[in-house]
Amino acid sequence: MNDVLVMILAGGEGKRLRPLTLDRAKPAVPFGGRYRIIDLVLSNFVNSGFYKIKVLTQYKSDSLINHISRGWHLAQFIDHYIDAVPAQQRRGPQWFQGSADAIYQNLNLIYDEEPEDVCVFGGDNIYKMDVRQMLDFHRQKDADLTVAAIPVPVEQGRAFGILEIDRDHRIVGFAEKPDEPREIPDRPGWCLASMGNYIFKTSSLVEEIIRDAHDEGSAHDFGKNIITNMVRSGHQATFVYDFSTNDVPGQSERERSYWRDVGTIDAYWESSMDLISVAPEFDLYNRRWPIRTHYQHYPPAKFVHDDPATNRVGQAINSIVAEGCIVSGGTIRNSVLFQRVRVNSYSSIEDSVLFEQVEVGRRARIRKAIIEKDVVIPPDTVIGFDEEQDRARFPISDAGVVVVPKGYEFEA
């Protein structure tokens, strides 16, 4: 894969995911007990054998850049790298005006590397993908552009950018959130939703990015502008790669085609809950396709106290508990605990996500909540049981997920 350059768009503000993105970029949001969202796409590329990766950052990028620089080291001696690239205003005194503009302002990276193909992927979705298979499809078709897409029921298609294809998987139309999504040929009731992941022939990408940059009426967006123009022009070969055909080593059939856009609090919470079942929809334990990250040197998780008569039992059921946690006489059910969480006696946590170094006081009860990093929950606190009381203190999602923001101080 030495003739392929990977460019990951990781500068998103993630407004719909607030307050989790008040202090960090969306790709830097913690996920799965020990990871960041960016780790998913980086692991996919590294596991697929792609070792020339540029991560384009912008919005509140410090924690994301630190995470990459401390945890993602490849063999530079043989020209392998994962570089975090901050926004530099190389084309004038302005930040990125859209996803396509992010590439335009970093064309120097492409000129320096001179790759045959460029992968342009988002950095904020949850999925596993062997990208080699998409690249093979792209080159077999001699495509100028290949778009990764996932089949979704037509009734869900109104929420996505929908690709219309012929029987050869050539793109013949693209519509952003259409009222009547076009069905897949020979598959009634289903349409193809763009995943926001692209492979370009380098010459075609550079040509389209420069053309778009000089179009004053453009939103400089890959979906709305780059793909649409390439399809309408008709002089370039544009194809769809069906993600449902992707075969990840060691992956069960249950997990095939799993892809989540964690753009909202509810979507993030649901994806977190997908991890903890006996047979999870998204499996973190596939040794043939490991999810990699920056490891901290924390001790193992510890569970103490076993006194059922007084309900002082340190236990976790159907849950993920990261290293450094101490569950001291509390009960965890259907939840995800990040590193160094402490749960004190007689407390209960259910259907929740607790970020790093949260402390839960005695007799506290928490249900269907996301607790941000470093928050201290006082003894006897109740969260997730009285909606009116919760709304007076915290943000609550449409589906009723309570979020306790970073830095929140409870009344004495």
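Conventions and cut-offs
Residues numbered from 1 in each chain as written. Predicted model: local features only at pLDDT ≥ 70, side-chain atom pairs only at ≥ 80, totals over all residues. Heavy atoms only, no water. Helix = DSSP H or I, 4+ residues; strand = E, 2+ residues; numbered from the N terminus. Polar contact = N/O pair within 3.5 Å; in protein donor to acceptor, adjacent residues only side chain to side chain. Contact = heavy atoms within 4.5 Å. Pairing = 2+ DSSP bridges. Domains from an automatic or database assignment. Buried area = accessible area lost by both parts, 1.4 Å probe. Salt bridge = Lys/Arg side-chain N within 4 Å of Asp/Glu carboxyl O.

1. Notes on the side chain of histidine 138
Okay, step 1: Of note, histidine 138 is situated in helix H5 (residues 131-140).
Okay, step 2: A polar contact is formed between the side chain of histidine 138 and the side chain of threonine 146, at a distance of 2.7 Å.
Okay, step 3: Other than its neighbours up to four places away in sequence, histidine 138 contacts Asp117, Ala143, Asp144, Leu145, Thr146, Ile199, Phe200 and Lys201.

2. Overview of the sheet that holds strand E28 (residues 376-377)
Okay, step 1: The strand order E14-E19-E22-E25-E28 describes an open sheet built from five strands, whose pairing is parallel. Because the sheet does not close on itself, it has two edges, and the strands there are strand E14 (302-304) and E28.
Okay, step 2: Alignment of strand E19 (residues 326-328) against strand E22 (residues 342-343), held across two bridges, turns out to be parallel. Paired with valine 327 across the two strands is valine 343, which belongs to E22.

3. A closer look at the environment of proline 181
Okay, step 1: Tracing the backbone shows proline 181 in the loop between strand E10 (171-176) and strand E11 (190-201).
Okay, step 2: Along the backbone, proline 181 and cysteine 191 are ten residues apart, and their C-alpha atoms lie at a distance of 6.6 Å.
Okay, step 3: Once you skip the residues sitting within four places of it in the chain, proline 181 turns out to touch Val154, Gly157, Arg158, Ile162 and Cys191.

4. Some remarks on the sheet that holds strand E23 (residues 348-350)
Okay, step 1: Strands sit in the order E17-E20-E23-E26-E29 across an open sheet of five strands; the sheet is parallel. Every interior strand has two partners, whereas the edge strands, strand E17 (315-317) and strand E29 (382-383), have only one.
Okay, step 2: Across two bridges, strand E26 (residues 365-367) lies against E29 in parallel orientation. Residue pairing for E29: isoleucine 366 is matched across the bridge by isoleucine 383.

5. Let's talk about the domain arrangement of the protein
Okay, step 1: Split into domains, the protein comes out as domain 1 (4-275) and domain 2 (302-404).
Okay, step 2: A straight line from the C-alpha centre of domain 1 to that of domain 2 covers 35 Å.
Okay, step 3: Each side of the interface is counted separately: domain 1 has 16 residues, and domain 2 has 21 residues.
Okay, step 4: Between domain 1 and domain 2 the total buried area reaches about 1,500 Å² when both faces are included, carbon and sulfur atoms providing 70% of it.
Okay, step 5: When residues of domain 1 are sorted by the area they lose upon contact with domain 2, Gly33, Asp266 and Trp269 head the list and together hold 35% of the total.
Okay, step 6: Linking domain 1 to domain 2 there are two salt bridges.

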